[in-house]
Amino acid sequence: GEKCAKYYAQYSQQCLMGGIMVTWCTHFICYGFHCISRSEGHNNVFLALYTHWKVPPKHVIYDFACTLGPYCMTREGGFFANTQFLINWFHTSGHMKCSTTCFLGTYQVADPRLKALNTSAAEYGNLVIAHIRKSVSYMGQYHAMLYMFQGK
């Protein structure tokens, strides 16, 4: 089938680059982060999940879950066998070629417990670190760590 067109429309045309990829839980707790020099890709998210979780989360809410899910399942299908890769309502626009099976809202109809997931926690957390994101994209890991922890 046709591939998701959102990536090009949103990121390539705006020349968005790397910075910090942060992993948040739904309780607004930062699980971890790493610095990326170029635009965030599937491999960044895959490696964060695969190398830092003994058991992956049941739900991964990600802007591009439509392509992250198949990527992770192809790389380590056994590890991600019980993980759902979903897009929250905020990021569904632009996913016109993607199946609704990628949308969290589709599953919330069948399982009301999923409505309790605070999928906005990552958005709020990313707003907090937005002022340092661009600067960090030009730094190596060592300098980025110094910059982030100096209290600015």
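The shown structure was predicted, so the numbers you read here are calculated from the model rather than taken from an experiment.

A.B. asks: What am I meant to see in the packing of helix 5 (residues 121-136) against helix 6 (residues 141-148) here?
C.D. replies: Relative orientation and spacing of two packed helices are given, respectively, by the angle between their axes and the distance between those axes. Two numbers describe how helix 5 lies on helix 6: the axes approach to 11 Å, and their chain directions differ by 155 degrees. It follows from the interaxial angle that helix 5 and helix 6 lie roughly antiparallel. Handedness of the crossing formed by helix 5 with helix 6: right-handed. Contacts between helix 5 and helix 6 pair Ile132, Ser135 and Val136 from the former with Ala144, Tyr147 and Met148 from the latter. When the residues that make up the contact of helix 5 with helix 6 are grouped by side-chain class, the tally is five nonpolar, one polar and no charged.

A.B. asks: Mind showing me how you'd approach the pattern of salt bridges here?
C.D. replies: Side-chain pairs of opposite charge can arise whenever the charged atoms involved come near each other. This structure, assessed with the given rule, holds one salt bridge. For Asp111, the salt bridge is made with Arg113, and the minimal N-O distance between the two is 2.9 Å. For Arg113, a relative accessible area of 66% gives the class exposed.

A.B. asks: Help me understand the environment of Leu86, please; the structure alone is not making it clear to me.
C.D. replies: Within the secondary structure, Leu86 is located in strand 4 (residues 84-86). Setting aside anything within four residues of it in sequence, one finds Leu86 in contact with His59, Val60, Ile61, Tyr62, Ala65, Thr101, Cys102, Phe103, Leu104 and Tyr107.

A.B. asks: Looking at this structure, I do not really get the confidence of the model for the chain. What am I missing?
C.D. replies: When pLDDT drops low, the exact placement of atoms in the prediction is not to be read closely. With 78% of its residues at a pLDDT of 70 or more, the chain shows a mean pLDDT of 78. Ranking the elements of the chain by mean pLDDT puts helix 1 (residues 6-12) last with 50 and helix 3 (residues 65-76) first with 92. Predicted confidence for residues 11-17 stays below pLDDT 50, and this span has eleven contacts to residues more than four positions away or in other chains.

A.B. asks: Looking at this model, I keep getting lost on the packing of aromatic side chains. Mind explaining?
C.D. replies: Each pair of aromatic rings is reported with the distance of its centres and the angle of its planes. Enumeration over the complete set of coordinates arrives at nine aromatic pairs. Aromatic pair Phe46 and Phe80: ring centres 6.0 Å apart, planes at 45 degrees, arrangement tilted. Here Phe46, found in helix 2 (residues 42-52), pairs with Phe80, found in the loop between helix 3 and strand 4; they are 34 residues apart in sequence, far enough to count as distant. The same class applies to Phe46 as to Phe80, namely buried. A ring pair is formed by Tyr50 and Phe79, whose centres lie 4.9 Å apart and whose planes are at 80 degrees; its orientation type is edge-to-face. Of this pair, Tyr50 sits in helix 2 while Phe79 sits in the loop between helix 3 and strand 4, placing them 29 residues apart in sequence. Of the aromatic side chains, those joined through ring pairs into one cluster are Phe46, Tyr50, Tyr71, Phe79, Phe80 and Phe85.

About the thresholds
- Residues numbered from 1 in each chain as written.
- Predicted model: local features only at pLDDT ≥ 70, side-chain atom pairs only at ≥ 80, totals over all residues.
- Heavy atoms only, no water.
- Axes fitted to C-alpha atoms, helices over the stretch in contact; angles between N-to-C directions.
- Helix = DSSP H or I, 4+ residues; strand = E, 2+ residues; numbered from the N terminus.
- Parallel < 35°, antiparallel > 145°, perpendicular 65-115°, else oblique.
- Left-handed = near helix turned anticlockwise from the far one by under 90°.
- Contact = heavy atoms within 4.5 Å.
- Nonpolar A, V, L, I, M, F, W, Y, C, P; charged D, E, K, R; others polar.
- Salt bridge = Lys/Arg side-chain N within 4 Å of Asp/Glu carboxyl O.
- Buried < 20%, exposed > 50% of the residue type's maximum accessible area, 1.4 Å probe, protein only.
- pLDDT = per-residue confidence, 0-100.
- Phe/Tyr/Trp six-rings, centres within 6.5 Å; stacked < 30°, edge-to-face > 60°.

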